[in-house]
Amino acid sequence: MQKVEIMPQLTDLAHAAVSKVVHKGDVVVDATVGNGHDTTFLSELVGTEGRVLAFDIQSVAIKQALERLRNSGHQNVTWFAMDHAHLAEVLQEEGISEVKAVMFNLGYLPGGDHEIVTRIDSTLKAIHAGLQALIVNGVMTILAYIGHPGGLDEAEAIETFLNKLNPEFYETQFDYGNSPKSPRLLIVKKTADERR
Ligand SMILES: C[S@@+](CC[C@H](N)C(=O)[O-])C[C@H]1O[C@@H](n2cnc3c(N)ncnc32)[C@H](O)[C@@H]1O
């Protein structure tokens with residue numbers, strides 16, 4: 001019998017990493033709503049008592065995702081049609097000091113304008129803010145695509161940033177998929193509170 005290797009999708013691996021730590025009632029962030037798959041996943045995971053803060057720079061993405069979420073029945077998502085670089089200010093305005101998970105799915109909106117892509121400066125600012133807000137044992141997942149212009153530079157800049165994190169407080173895991181063109185899944189877990 002022929003053995004068939006089934007490679008799990010990196011999006012499934014990101015969801016698995018988040019599922020391990022996120023429970024009903026938690027506060028989480030979707031930093032790149034896009035078509036709303038991750039927002040829907042997070043909304044179901046945290047349930048009615050939880051909260052999802054969902055960002056996308058394009059209001060068209062937010063509108064589509066809102067439609068998708070309408071069917072799920074949950075009212076636990078707060079939408080921010082803005083650059084996720086403002087994550088720190090938004091968390092402060094919302095009175096949120098800690099979050100359990102932050103998900104990034106970088107690049108452009110599938111089926112949308114390919115010129116509107118995540119960019120190094122704002123991505124790094126949002127990652128920094130997300131890591132600051134992450135509760136101990138919380139997790140950040142970053143899915144970085146390298147096939148579009150600027151994608152590889154963005155992925156490498158993030159990896160450089162993550163490699164400088166203090167291993168006393170953060171555990172990192174990089175998954176490069178199964179081909180040189182595969183997206184890269186970067187996972188960061190906060191293991192201790194650096195503010196103490
Ligand atoms: C690959 S899609 C996300 C896919 C999504 N997570 C899903 O489950 O369908 C990337 C999204 O990032 C958004 N984006 C680009 N730059 C952004 C920024 N600076 N802040 C927030 N969102 C941004 C794009 O508009 C696009 O919708």
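Refer to the structure above for everything that follows.
How each quantity is defined
Numbers given to residues run from 1 along each chain, matching the order in which its sequence is written. Local features in a predicted model are, by the rule used here, given only for residues with pLDDT of at least 70; side-chain atom pairs are given and counted only at 80 or more, and totals for whole chains, interfaces and linings are based on all residues. Per the convention used, a helix needs a DSSP run of H or I reaching at least four residues, while a strand needs a run of E reaching at least two, with both numbered from the N terminus. The globule rule used here is 2.2 Å times the number of residues to the 0.38 power, and the radius of gyration it is set against is calculated over C-alpha atoms. To sort residues by burial, count the other C-beta atoms lying within 10 Å of each one's C-beta; a count of 20 or more means buried, 12 or fewer means exposed, and anything in between means partly exposed. C-beta atoms are built from the backbone. Angles run from 0 to 180 degrees between N-to-C directions of axes, and those axes are lines fitted to C-alpha atoms, restricted for helices to the stretch in contact. Orientation categories follow fixed angle ranges, with anything under 35 degrees roughly parallel, anything over 145 roughly antiparallel, 65 to 115 roughly perpendicular, and all other angles oblique. Crossing handedness follows the turn of the near helix against the far one: under a right angle anticlockwise gives a left-handed crossing, and clockwise gives a right-handed one. It is the C-beta atoms, placed from the backbone, that decide contacts: two residues are in contact if theirs lie within 7 Å. As a working rule, the residues Ala, Val, Leu, Ile, Met, Phe, Trp, Tyr, Cys and Pro are called nonpolar, Asp, Glu, Lys and Arg charged, and the rest polar, with Gly in that last group. Nearness here is judged by the C-beta atom: place it from the backbone, and if it falls within 6 Å of a molecule or strand, the residue counts as near that partner. Note on definitions: a nonpolar core is a set of buried residues drawn from Ala, Val, Leu, Ile, Met, Phe, Trp, Tyr and Cys, linked by C-beta atoms within 7 Å. Here, a strand pair is defined by DSSP locating no fewer than two bridges between the strands.

A.B. asks: Got a minute to help me understand the overall build of the protein chain in this structure?
C.D. replies: From N to C terminus, the protein chain includes six helices and seven strands. Its C-alpha atoms give the protein chain a radius of gyration of 16 Å, near enough to 16 Å, the size a compact globule of 196 residues would have. Each of the three principal axes of the protein chain carries a C-alpha extent, and together these read 50 × 40 × 40 Å. Residues classed as buried in the protein chain amount to 38% of the 196 residues present.

A.B. asks: What's the story with the packing of helix 2 (residues 37-46) against helix 3 (residues 59-70) in this structure? I'm lost.
C.D. replies: Angle between the axes and distance between the axes are the two parameters that describe a pair of packed helices. For the pair helix 2 and helix 3, interaxial distance at closest approach is 9 Å and the crossing angle is 40°. It follows from the interaxial angle that helix 2 and helix 3 lie oblique. Seen from above, helix 2 lies across helix 3 with right-handed handedness. Contact with helix 2, carried on its side by Thr 39, Thr 40 and Ser 43, involves Ala 65, Arg 68 and Leu 69 of helix 3 and no other residues of that element. For the contact of helix 2 with helix 3, the residue count by class is two nonpolar, three polar and one charged.

A.B. asks: Any chance you could explain the site of the ligand here in plain terms?
C.D. replies: Near the ligand you find 21 residues, and of these Gly 34, Asn 35, His 37, Asn 105 and Leu 109 are the closest. Looking at the shell around the ligand residue by residue, the class counts come to seven nonpolar, eleven polar and three charged.

A.B. asks: Explain the nonpolar core to me, please; I cannot follow it from the model alone.
C.D. replies: Soluble, globular proteins show a tendency: their nonpolar side chains are buried together. Ranked by internal contacts, the top residues of the largest apolar core, which has 48 residues, are Val 28 and Ile 142. At six residues, strand 5 (residues 134-144) tops the list of elements feeding residues into this core.

A.B. asks: Looking at this model, I keep getting lost on the environment of Gly 47. Mind explaining?
C.D. replies: Relative to the elements of secondary structure, Gly 47 occurs in the loop between helix 2 and strand 2 (51-55). On a C-alpha basis, the gap between Gly 47 and Lys 24 in space is 5.3 Å, while along the polypeptide they are 23 residues apart. Residues in contact with Gly 47, not counting those within four places in the same chain, are Lys 24 and Gly 25.

A.B. asks: Help me out: how do you make sense of the sheet that holds strand 5 in this one?
C.D. replies: Pairing between sheet strands relies on hydrogen bonds along the backbone, with the strands arranged either parallel or antiparallel. Across the sheet, which stays open at both edges, the seven strands sit in the order 3-2-1-4-5-7-6 with mixed pairing between neighbours. Strands with a single pairing partner mark the edges of an open sheet, and in this sheet they are strand 3 (77-80) and strand 6 (170-175). The average angle at which neighbouring strand axes cross in this sheet is 10°, direction not considered. Pairing geometry for strand 6 and strand 7 (residues 184-190), over six bridges, is antiparallel. Residue pairing for strand 7: Glu 171 is matched across the bridge by Lys 189. Its contacts with the sheet put helix 1 (residues 10-21) on strand 4 (99-105), strand 5, strand 6 and strand 7, and the angle it makes with strand 5 is roughly 175°.

A.B. asks: Quick question: what am I supposed to make of the packing of helix 5 (residues 120-133) against helix 6 (residues 151-163) here?
C.D. replies: The geometry of helix 5 relative to helix 6 is characterised by a closest axis approach of 10 Å and an angle of 35° between their N-to-C directions. Crossing geometry of helix 5 relative to helix 6 is assigned as right-handed. Within the contact between the two elements, helix 5 uses Ile 120, Thr 123, Leu 124 and Ile 127 and helix 6 uses Asp 153, Glu 154, Ala 157, Ile 158 and Phe 161. Partitioned by chemical class, the residues of the contact of helix 5 with helix 6 number six nonpolar, one polar and two charged.

A.B. asks: So what exactly am I meant to see when it comes to helix 2 here?
C.D. replies: For the α-helix, the turn length of 3.6 residues means that residues three or four positions removed from each other point alike. Among the residues making up helix 2, those that are buried are Asp 38, Thr 39, Thr 40, Leu 42, Ser 43 and Val 46. Directly beyond the C-terminal end of helix 2, a positive phi value near 70° is found at Gly 47.

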